[in-house]
Amino acid sequence: MHTSFPKGTTIWIRFKTKETTTGKFADHKSGKVLLEDGRIISLKNVSAMSVRKLK
């Protein structure tokens, strides 16, 4: 799974519970992804992560 993106990139995250969320990437720390709105996502709860693609 790709866990590092350019700062400010809008990313899409799917959790193991099948819930999804989007946010702007801020930083990647050990086992965590930080989003610009202050959310901290633990990678152990994530099943997929990618750049958000609009159709």
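Now for a quick tour of the structure. (Residues numbered from 1 in each chain as written. Predicted model: local features only at pLDDT ≥ 70, side-chain atom pairs only at ≥ 80, totals over all residues. Heavy atoms only, no water.)

**Quick look at the environment of E19**
Next, step 1: The topology assignment puts E19 in the loop between β1 (10–15) and β2 (20–29).
Next, step 2: Of the residues examined, E19 reaches a relative accessible area of 52% and is grouped as exposed.
Next, step 3: As a C-alpha pair, E19 and V46 span 27 residues in sequence and 9.6 Å in three-dimensional space.
Next, step 4: Leave out the neighbours within four places in its chain, and E19 touches I13 and R14. (Helix = DSSP H or I, 4+ residues; strand = E, 2+ residues; numbered from the N terminus. Buried < 20%, exposed > 50% of the residue type's maximum accessible area, 1.4 Å probe, protein only. Contact = heavy atoms within 4.5 Å.)

**Side note on the side chain of T21**
Next, step 1: Summarising the element assignment, T21 is placed in strand β2.
Next, step 2: Residue classification places T21 among the buried residues on the basis of a relative accessible area of 15%.
Next, step 3: In this structure the side chain of T21 is engaged in a polar contact, spanning 2.8 Å, whose partner is the side chain of R39. (Polar contact = N/O pair within 3.5 Å; in protein donor to acceptor, adjacent residues only side chain to side chain.)

**Observations concerning the pairing of strand β3 (residues 32–35)**
Along any regular strand the residues' side chains alternate between the sheet's two faces.
Next, step 1: Across the two faces of β3 the burial differs, with V33 and L35 buried and K32 and L34 not buried at all.
Next, step 2: Between β2 and β3, which pair antiparallel one after the other, the connecting turn spans two residues, and G31 there sits at a positive phi close to 75°.
Next, step 3: As paired strands, β3 and strand β4 (residues 40–42) are joined by three bridges and run antiparallel to one another. When the bridges of β4 are listed, V33 appears paired with I41.
Next, step 4: What sits between β3 and β4 in their antiparallel hairpin is a turn of four residues, with G38 showing a positive phi close to 95°. (Pairing = 2+ DSSP bridges.)

**Looking at the nonpolar core**
Next, step 1: Listed in full, the 11 residues of the largest apolar core are F5, I11, I13, F15, F25, V33, L35, I41, L43, V46 and M49.
Next, step 2: Going through the elements one at a time, β1, β3 and β5 (46–51) are the ones with two or more residues in this core.
Next, step 3: With three residues, β1 is the largest single contributor of residues to this core.
Next, step 4: The contacts of F5, once residues within four sequence positions are left out, are I11, F25, M49, S50 and V51. (Core = buried A, V, L, I, M, F, W, Y, C linked by side-chain atoms within 4.5 Å.)

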